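Each chain, letter by letter, is given below.
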Amino acid sequence: MVFFAILISCIIALVSGYFYLKHSTAEEIELVEKRLKERGLPATPAELDAYYPAVPDDENAAFIYLQAIHMLKSDPATAETIKDLW
């Protein structure tokens, strides 16, 4: 009987904790979003994308990395050479 009382108490504690954290986390997120918007900062991924200017293609280093990865995948000898350098 004591075992079941402890088990029920644990279940109630876990369920209560879950709902408390879920509710308090949502409120905290809303508060952070409000503070960001008050400061004129982006609060969503879409706002963040619009906040920073796009990097021109001729200055974007991502293309160099993509070319390097493509070379490694298409030429196993190049990959082995690079492994030997490490």
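Residues numbered from 1 in each chain as written. Predicted model: local features only at pLDDT ≥ 70, side-chain atom pairs only at ≥ 80, totals over all residues. Heavy atoms only, no water.

Asker: Summarise the overall build of the protein chain; cite the residues concerned and give the values.
Answerer: A tally of helices and strands in the protein chain yields four helices and zero strands. A compact globule built from 86 residues should have a C-alpha radius of gyration of about 12 Å, whereas the protein chain, at 26 Å, is more than 25% larger. Dimensions along the principal axes, computed over C-alpha positions, put the protein chain at roughly 70 × 45 × 20 Å. Expressed as a percentage of the 86 residues in the protein chain, the buried residues total 5%. For the protein chain, the exposed surface amounts to about 8100 Å²; the carbon and sulfur share of it is 68%. (Helix = DSSP H or I, 4+ residues; strand = E, 2+ residues; numbered from the N terminus. Rg over C-alpha atoms; globule rule 2.2 N^0.38 Å. Buried < 20%, exposed > 50% of the residue type's maximum accessible area, 1.4 Å probe, protein only. Areas by Shrake-Rupley, 256 points an atom, 1.4 Å probe, with all protein chains shown as cover.)

Asker: Explain the environment of Thr81 residue by residue, including any values.
Answerer: Among the secondary structure elements, Thr81 is positioned in helix 4 (residues 76-85). What makes Thr81 partly exposed here is its relative accessible area of 48%. In this structure the C-alpha to C-alpha distance between Thr81 and Phe19, which are 62 residues apart in sequence, comes to 56 Å.

Asker: So what's going on with the packing of aromatic side chains? Residues and values would help.
Answerer: Tallied over the full model, the rule gives two aromatic pairs. Pairing Tyr18 with Phe19 gives two aromatic rings, centres 5.2 Å apart and planes at 75°, and the pair type is edge-to-face. The exposure class of Tyr18 is partly exposed, given its relative accessible area of 47%. Each ring, one from Tyr51 and one from Tyr52, has its centre 5.1 Å from the other, and the planes form 90°; the classification is edge-to-face. (Phe/Tyr/Trp six-rings, centres within 6.5 Å; stacked < 30°, edge-to-face > 60°.)

Asker: Hey, could you go over a nonpolar patch on the surface for me, with residue numbers and the actual values?
Answerer: Taken together, Phe3, Phe4, Leu7, Ile8, Ile11, Ile12, Val15, Tyr18 and Phe19 make up a surface patch of nonpolar side chains, about 940 Å² in accessible area. Position of Phe3 among the secondary structure elements: in helix 1 (residues 2-38). With relative accessibility at 58%, the residue Phe3 sits in the exposed group. (Patch = residues over 30% accessible without salt bridge, like charges linked within 9 Å, V, L, I, M, F, W, Y side chains within 5 Å. Salt bridge = Lys/Arg side-chain N within 4 Å of Asp/Glu carboxyl O.)

Asker: Describe the environment of Ile29, with residues and values.
Answerer: Turning to its location among the elements, Ile29 is positioned in helix 1. In the structure, Ile29 is positioned 14 residues away from Ala43 in sequence and 10.0 Å away in space, judged by C-alpha atoms.

Asker: Now, about a negative patch on the surface: what can you tell me, with residues and values included?
Answerer: Together, Glu27, Glu28, Glu30 and Glu33 give the surface a local cluster of negative charge. Residue position: Glu28 is located in helix 1. (Lys, Arg positive; Asp, Glu negative; His and termini not counted. Charge placed at Lys NZ, Arg CZ, Asp CG, Glu CD.)

Asker: How would you sum up helix 1? Please name residues and give values.
Answerer: With 37 residues, helix 1 should reach 54 Å at 1.5 Å per residue; the first-to-last C-alpha distance of 53 Å fits that figure. Gly40 sits one or two residues past helix 1 and shows a positive phi near 80°. (Expected span 1.5 Å × (residues − 1).)

Asker: Please give an account of the pattern of salt bridges that cites residues and values.
Answerer: Across all of its chains, the model carries one salt bridge by this definition. A salt bridge links Lys37 to Glu47; the nearest nitrogen and oxygen atoms lie 3.9 Å apart. Placement of the pair is Lys37 in helix 1 and Glu47 in helix 2 (residues 45-51), with a sequence separation of 10 residues. A relative accessible area of 30% places Glu47 in the partly exposed class.

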